[in-house]
Amino acid sequence: QVQLVESGGGLVQAGGSLRVSCVASGRTFSDYGMGWFRQTPGKEREFVAAITWSGGRTNYAESVKGRFTISRDNAKNTVYLQMNSLKPEDTAVYYCASNRKRWAVEASLNVYEYDYWGQGTQVTVSS
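Residues numbered from 1 in each chain as written. Predicted model: local features only at pLDDT ≥ 70, side-chain atom pairs only at ≥ 80, totals over all residues. Heavy atoms only, no water.

Asker: Before we move on, can you summarise the nonpolar core with the specific residues and values?
Answerer: Core analysis: the biggest nonpolar cluster contains 33 residues, and W36, L81, M83 and Y94 have the highest contact counts within it. For this core, the secondary-structure elements that each account for two or more residues are β3 (18-25), β4 (32-39), β5 (46-51), β7 (68-73), β8 (78-83), β9 (92-102) and β11 (121-126). Filtering out sequence-adjacent residues up to four positions away, M83 remains in contact with G16, S17, L18, V20, R67, F68, Y94 and V123. (Core = buried A, V, L, I, M, F, W, Y, C linked by side-chain atoms within 4.5 Å. Buried < 20%, exposed > 50% of the residue type's maximum accessible area, 1.4 Å probe, protein only. Helix = DSSP H or I, 4+ residues; strand = E, 2+ residues; numbered from the N terminus. Contact = heavy atoms within 4.5 Å.)

Structure below.
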(Lines give C-alpha, C1' and ligand atoms only; values in the text may rest on other atoms or scores of the structure.)
Protein backbone atom coordinates (compact mmCIF):
# COMPACT_ATOMS: atom_id res chain seq x y z
CA GLN A 1 0.00 0.00 0.00
CA VAL A 2 1.48 3.31 -1.10
CA GLN A 3 1.45 6.09 1.45
CA LEU A 4 2.52 9.71 1.03
CA VAL A 5 2.84 11.89 4.10
CA GLU A 6 3.41 15.63 3.80
CA SER A 7 4.82 17.88 6.48
CA GLY A 8 6.28 21.34 6.90
CA GLY A 9 3.30 23.53 6.18
CA GLY A 10 2.46 26.50 8.35
CA LEU A 11 1.95 30.23 8.57
CA VAL A 12 4.51 32.58 7.06
CA GLN A 13 4.59 36.26 6.20
CA ALA A 14 4.67 37.43 2.62
CA GLY A 15 8.21 37.37 1.29
CA GLY A 16 9.17 34.54 3.58
CA SER A 17 10.19 30.97 2.88
CA LEU A 18 8.92 27.53 3.74
CA ARG A 19 9.91 24.00 2.81
CA VAL A 20 7.36 21.23 2.64
CA SER A 21 8.35 17.57 2.53
CA CYS A 22 6.68 14.36 1.48
CA VAL A 23 7.82 10.92 2.58
CA ALA A 24 6.71 7.98 0.47
CA SER A 25 6.40 4.32 1.31
CA GLY A 26 4.92 1.20 -0.22
CA ARG A 27 6.70 1.05 -3.56
CA THR A 28 10.13 1.79 -4.97
CA PHE A 29 10.23 5.55 -4.60
CA SER A 30 13.14 6.03 -6.98
CA ASP A 31 11.18 4.49 -9.88
CA TYR A 32 8.44 7.13 -9.93
CA GLY A 33 8.15 10.79 -10.73
CA MET A 34 6.63 13.02 -8.09
CA GLY A 35 4.54 16.13 -8.19
CA TRP A 36 3.26 18.91 -5.97
CA PHE A 37 -0.22 20.35 -6.42
CA ARG A 38 -2.23 22.84 -4.41
CA GLN A 39 -5.88 23.58 -3.82
CA THR A 40 -7.97 26.35 -2.29
CA PRO A 41 -11.64 26.08 -1.32
CA GLY A 42 -13.96 26.08 -4.29
CA LYS A 43 -11.18 25.69 -6.84
CA GLU A 44 -9.74 22.75 -8.70
CA ARG A 45 -6.45 21.25 -7.69
CA GLU A 46 -3.69 22.99 -9.62
CA PHE A 47 -0.23 21.90 -10.65
CA VAL A 48 2.73 23.46 -8.86
CA ALA A 49 5.87 21.44 -9.67
CA ALA A 50 7.01 18.00 -10.76
CA ILE A 51 10.22 16.01 -10.92
CA THR A 52 11.13 12.85 -12.78
CA TRP A 53 12.12 9.61 -11.07
CA SER A 54 15.82 10.38 -11.49
CA GLY A 55 15.53 14.04 -10.62
CA GLY A 56 16.90 14.88 -14.05
CA ARG A 57 13.88 16.88 -15.20
CA THR A 58 11.64 19.32 -13.43
CA ASN A 59 8.58 21.29 -14.42
CA TYR A 60 6.96 24.32 -12.77
CA ALA A 61 3.77 26.28 -13.01
CA GLU A 62 4.39 29.75 -14.42
CA SER A 63 3.12 31.32 -11.21
CA VAL A 64 5.91 29.75 -9.13
CA LYS A 65 8.84 29.71 -11.54
CA GLY A 66 11.90 31.32 -10.04
CA ARG A 67 10.44 31.15 -6.52
CA PHE A 68 9.83 27.44 -5.87
CA THR A 69 12.23 24.52 -6.24
CA ILE A 70 11.31 20.86 -6.27
CA SER A 71 13.93 18.27 -5.35
CA ARG A 72 14.10 14.68 -4.19
CA ASP A 73 16.30 12.46 -2.08
CA ASN A 74 15.80 8.90 -3.23
CA ALA A 75 17.82 7.54 -0.33
CA LYS A 76 15.27 9.08 2.05
CA ASN A 77 12.17 8.40 -0.09
CA THR A 78 11.42 12.08 0.18
CA VAL A 79 10.44 14.86 -2.19
CA TYR A 80 10.72 18.50 -1.19
CA LEU A 81 9.23 21.79 -2.28
CA GLN A 82 11.28 24.81 -1.28
CA MET A 83 9.11 27.92 -1.47
CA ASN A 84 10.73 31.35 -1.42
CA SER A 85 9.34 34.86 -1.86
CA LEU A 86 5.95 33.60 -0.81
CA LYS A 87 2.86 35.60 -1.71
CA PRO A 88 -0.62 35.58 -0.15
CA GLU A 89 -1.92 33.94 -3.34
CA ASP A 90 0.29 30.93 -2.57
CA THR A 91 -2.01 30.14 0.36
CA ALA A 92 -3.45 26.67 -0.20
CA VAL A 93 -3.37 23.06 0.87
CA TYR A 94 -0.32 21.50 -0.76
CA TYR A 95 -0.46 17.87 -1.88
CA CYS A 96 2.30 15.59 -3.08
CA ALA A 97 1.53 12.88 -5.58
CA SER A 98 3.24 9.91 -7.19
CA ASN A 99 3.18 9.38 -10.95
CA ARG A 100 1.34 6.25 -12.03
CA LYS A 101 4.01 5.36 -14.64
CA ARG A 102 7.27 3.79 -13.69
CA TRP A 103 10.29 5.63 -15.12
CA ALA A 104 8.13 8.25 -16.85
CA VAL A 105 10.25 10.45 -19.08
CA GLU A 106 8.39 13.67 -18.42
CA ALA A 107 7.83 15.59 -15.21
CA SER A 108 4.09 15.64 -15.74
CA LEU A 109 1.81 18.54 -14.86
CA ASN A 110 -1.31 16.46 -15.55
CA VAL A 111 -3.19 15.61 -12.36
CA TYR A 112 -4.60 12.46 -14.00
CA GLU A 113 -1.13 10.99 -14.41
CA TYR A 114 -0.77 10.66 -10.62
CA ASP A 115 -2.31 7.74 -8.81
CA TYR A 116 -1.37 8.22 -5.16
CA TRP A 117 -1.84 11.36 -3.12
CA GLY A 118 -0.92 12.57 0.34
CA GLN A 119 -3.37 14.05 2.80
CA GLY A 120 -2.12 17.60 2.22
CA THR A 121 -0.43 20.25 4.33
CA GLN A 122 -1.76 23.78 4.82
CA VAL A 123 0.41 26.70 3.78
CA THR A 124 -0.85 30.14 4.76
CA VAL A 125 0.90 33.32 3.66
CA SER A 126 -0.13 36.49 5.46
CA SER A 127 0.14 39.92 3.88
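From this point, the discussion proceeds with the structure in view.
Asker: Describe unusual backbone geometry, naming the residues involved and giving the relevant values.
Answerer: Unlike most non-glycine residues, S85 shows phi in positive territory, near 50 degrees. Assessed through its relative accessible area of 42%, S85 is described here as partly exposed. With a phi close to 55 degrees, W103 is a non-glycine residue in the positive phi region. Summarising the element assignment, W103 is placed in the loop between β9 and β10 (114-117). Overall, W103 belongs to the partly exposed group, its relative accessible area being 47%.

Asker: An account of the state of the cysteines is needed here, citing residue identities and associated values.
Answerer: Two cysteines whose sulfur atoms are joined by a covalent bond form what is called a disulfide. All chains considered together, the criterion is met by 1 disulfide. The disulfide partner of C22 is C96, and the gap between their sulfur atoms is 2.0 Å. Its S-S torsion of approximately 50 degrees makes the covalent link between C22 and C96 right-handed. Pair noted here: C22 is in strand β3 and C96 is in strand β9, with a separation of 74 residues, a long-range link. In terms of burial, C22 and C96 fall into one category: buried. (Disulfide = S-S within 2.5 Å.)

Asker: Can you lay out the packing of aromatic side chains for me, pointing to particular residues and giving the numbers?
Answerer: This structure, assessed with the given rule, holds 4 aromatic pairs. With centroids separated by 5.7 Å and ring planes inclined at 70 degrees, the aromatic side chains of F37 and F47 adopt a geometry described as edge-to-face. Pair noted here: F37 is in strand β4 and F47 is in strand β5, with a separation of 10 residues, a long-range link. One exposure class covers both F37 and F47, and it is buried. (Phe/Tyr/Trp six-rings, centres within 6.5 Å; stacked < 30°, edge-to-face > 60°.)

Asker: How would you explain the pairing of β7 if you had to name every residue and give the values?
Answerer: Along any regular strand, the residues point their side chains to alternate faces of the sheet. Along β7, the buried face is formed by F68, I70 and R72; none of T69, S71 and D73, which line the opposite face, is buried. Pairing of β7 with β8, which is carried by 6 bridges, proceeds in the antiparallel orientation. Residue F68 lies in a different strand from β8, and its bridge partner there is M83. Where β7 folds back on β8, the antiparallel hairpin that results is connected by 4 residues, among which N77 adopts a positive phi of roughly 55 degrees. (Pairing = 2+ DSSP bridges.)

Asker: Describe the sheet that holds strand β1 (residues 3-7), naming the residues involved and giving the relevant values.
Answerer: Read across the open sheet, the 4 strands follow the order β1-β3-β8-β7; overall the sheet is antiparallel. This sheet does not close on itself; its edge strands, each paired only once, are β1 and β7. Taken pair by pair, the neighbouring strands of this sheet meet at an average axis angle of 15 degrees, ignoring direction. In the sheet, β3 pairs with β8 via 6 bridges, with the strands oriented antiparallel. Bridging from a neighbouring strand, V23 pairs with T78 of β8. (Axes fitted to C-alpha atoms, helices over the stretch in contact; angles between N-to-C directions.)

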